[in-house]
Amino acid sequence: MTDALERLFGSANRIRVIRLFYLNPKKVFVNKDISRRAKVQNSSLRREMSLLEKTGFIKKAADSVDSKTRAGRTRKVRIKGWALNPSFPLSASLKNLVLNVAPISRAEILKRLKNAGNVKLIILSGIFIQDDESRVDLLIVGDNLKQGVLEREIANIEALVGKELSYSVLSTQECTYRMRMYDKFIRDILDYPHEKILNKLDIT
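For the structure given in this document, a descriptive report is provided here. (Residues numbered from 1 in each chain as written. Predicted model: local features only at pLDDT ≥ 70, side-chain atom pairs only at ≥ 80, totals over all residues. Heavy atoms only, no water.)

### Re the overall build of the chain
Threshold: Counting from the N terminus, the helices are DSSP H or I runs at least four residues long and the strands are E runs at least two residues long. Here the term buried applies to any residue with accessible area under 20% of the maximum for its type, exposed to any over 50%, and partly exposed to those in between, with areas from a 1.4 Å probe on protein chains only. The contact criterion used is simple: two residues touch if any of their non-hydrogen atoms lie within 4.5 Å. Positive: Lys, Arg. Negative: Asp, Glu. His and the chain ends are not part of the count. Where a charge sits is defined by one atom per residue type, namely NZ (Lys), CZ (Arg), CG (Asp) or CD (Glu).
A count of helices and strands for the chain gives nine helices and six strands. Counting every position in the chain, which comprises 204 residues, the buried fraction comes to 42%. Excluding contacts between residues fewer than 6 apart, the proportion of contacts in the chain whose partners are at least 24 apart in sequence is 65%. Within the chain, one finds 38 positive and 23 negative side-chain charges whose respective centroids are separated by 7 Å.

Listed below in structure tokens is the structure:
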């Protein structure tokens, strides 16, 4: 289905940008943030943003955001960028089409995260199962994990999904201990809707 969307819209980059705006409907993005979060190079991004503006999907907007000064203080800074256009006439239909097609397969998530090392448990919830009440989107349990690789792969998944993921990483020992202690965080994940795509710990 994702391949079909790419053929329909003509660009995987465009689909990622569209998802980013739909999953952050009230946020104003500058090009630098869009490029980073959607993993789209600046040269391609300018073309995509121009097209999306011409169709009426996005509009120019401004917002005030917190910024750190050199002295470490926080001050408000006004930025000019892009925001989702709520008046776009095809918005409801396009949103339903784009968000209901999984941007990344379970097999691809598993393949990417296993690159980080000895991963023993991967649980998907939250955005992956369309449940806004979930504690996290992703729980990863493993040992001797390569932090840099893990962060890079999660950033790549975030770009495809269109949203910064809420995730937690635990060692096998910590996960096992928390389960024995009926830790609320773990119970809130396991007792509510979720999907295990890797379960070497045989957690039921």
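And the narrative resumes.
### A word on the sheet that holds strand S6 (residues 195-199)
Inclusion rule: We treat two strands as partners when DSSP finds at least two bridges between them. What counts as an axis is a line fitted to C-alpha atoms, over the stretch in contact for a helix, and the angles between N-to-C directions run from 0 to 180 degrees.
If you walk across this open sheet you meet the four strands as S5-S4-S3-S6, and the pairing is mixed. The open sheet has two edge strands, strand S5 (167-170) and S6, and neither has a second partner. Sheet twist, expressed as the average angle between the axes of neighbouring strands with direction ignored, equals 15°. Of the strand pairs in this sheet, strand S3 (residues 118-124) and strand S4 (residues 138-143) are connected by six bridges, and their pairing is antiparallel. Looking at S4, one finds that Ile-123 is bridged to Leu-139.

### Structural notes on helix H2 (residues 12-23)
Our working definition: Every helix has an expected span of 1.5 Å times one less than the residues it contains. Under this definition, polar contacts are N or O atom pairs within 3.5 Å; protein pairs additionally need one hydrogen-donor-capable and one acceptor-capable atom, and for neighbouring residues in sequence, both atoms have to be side-chain atoms.
With 12 residues, H2 extends 17 Å between its outermost C-alpha atoms, agreeing within 8% with the 16 Å of an ideal straight helix rising 1.5 Å per residue. Among the 12 residues of H2, 10 are classified as buried, and the element is accordingly described as predominantly covered. The set of residues buried in H2 consists of Asn-13, Arg-14, Ile-15, Arg-16, Val-17, Ile-18, Arg-19, Leu-20, Phe-21 and Tyr-22. Where H2 starts, the residue carrying a side-chain oxygen 3.1 Å from the main-chain nitrogen of Asn-13 turns out to be Ser-11.

### A word on the packing of H2 against helix H3 (residues 31-38)
Here is the rule: In this scheme, roughly parallel covers angles under 35 degrees and roughly antiparallel covers those over 145, while 65 to 115 is roughly perpendicular and the rest are oblique. In this scheme, a crossing is called left-handed if the near helix is turned counterclockwise away from the far one by less than a right angle; it is called right-handed if the turn is clockwise. Under this grouping Gly is polar, as are all residues other than the nonpolar Ala, Val, Leu, Ile, Met, Phe, Trp, Tyr, Cys and Pro and the charged Asp, Glu, Lys and Arg.
At a minimum axis distance of 10 Å, the contact between H2 and H3 shows a crossing angle of 110°. As judged from the angle between their axes, H2 and H3 are roughly perpendicular. The element H2 and its partner H3 pack so that their crossing is right-handed. Contacts between H2 and H3 involve Arg-16, Val-17, Leu-20 and Phe-21 on the former and, on the latter, Ile-34, Arg-37 and Ala-38. When its residues are assigned to classes, the contact of H2 with H3 shows five nonpolar, no polar and two charged.

### Focus on the layout of surface pockets
We count it as follows: Only protein atoms enter the 1 Å grid used here, on which a cavity is any set of points holding a 1.4 Å probe that cannot leave and a pocket is any open set flanked by protein within 12 Å on both sides along at least five of seven lines; residues with an atom within 4 Å of a point are listed as lining. Grid points are joined across faces, edges and corners, and a volume is the space filled by probe spheres set on the points.
If you add up the space inside the largest pocket, you get close to 460 Å³. Tallied by class, residues from the lining of the largest pocket come to 10 nonpolar, five polar and six charged.

### What to know about the environment of Lys-60
Mapping Lys-60 onto the fold places it in strand S1 (residues 58-68). Residues Lys-60 and Asn-85, 25 residues apart in the sequence, show an inter-C-alpha distance of 8.9 Å. Not counting chain neighbours up to four residues away, the residues in contact with Lys-60 comprise Glu-53, Gly-81 and Trp-82.

### Digging into the nonpolar core
For clarity, the cut-off: Nine residue types can take part in a nonpolar core, namely buried Ala, Val, Leu, Ile, Met, Phe, Trp, Tyr and Cys, and a core is a set of them joined through side-chain atoms within 4.5 Å.
Within the largest apolar cluster, 21 residues are counted, with the highest numbers of intra-cluster contacts made by Val-17, Phe-21, Ile-34, Met-49, Phe-57 and Leu-94. When residues of this core are traced back to their parent elements, those giving at least two are H2, H3, helix H4 (42-55), strand S2 (74-84) and helix H5 (91-99). Examining the composition of this core, we find that six residues originate from one element, H2, more than from any other. Apart from the residues lying within four places of it in its own chain, the contact partners of Val-17 are Ile-34, Ala-38, Val-40, Leu-45, Met-49 and Leu-52. Listed in part, the 20 residues of the second largest apolar core include Ile-122, Leu-145, Val-149 and Ile-157.

### Considerations on the environment of Ile-18
Looking at the element boundaries, Ile-18 is found in helix H2. On a C-alpha basis, the gap between Ile-18 and Val-98 in space is 7.9 Å, while along the polypeptide they are 80 residues apart. When sequence neighbours within four positions are dropped, the list of residues in contact with Ile-18 reads Leu-52, Phe-57, Leu-94 and Val-98.

### Regarding the environment of Leu-97
For Leu-97, the position within the fold is in helix H5. Looking at Leu-97, the relative accessible area reads 32%, which means it is partly exposed. In the structure, Leu-97 is positioned 29 residues away from Gly-126 in sequence and 19 Å away in space, judged by C-alpha atoms.

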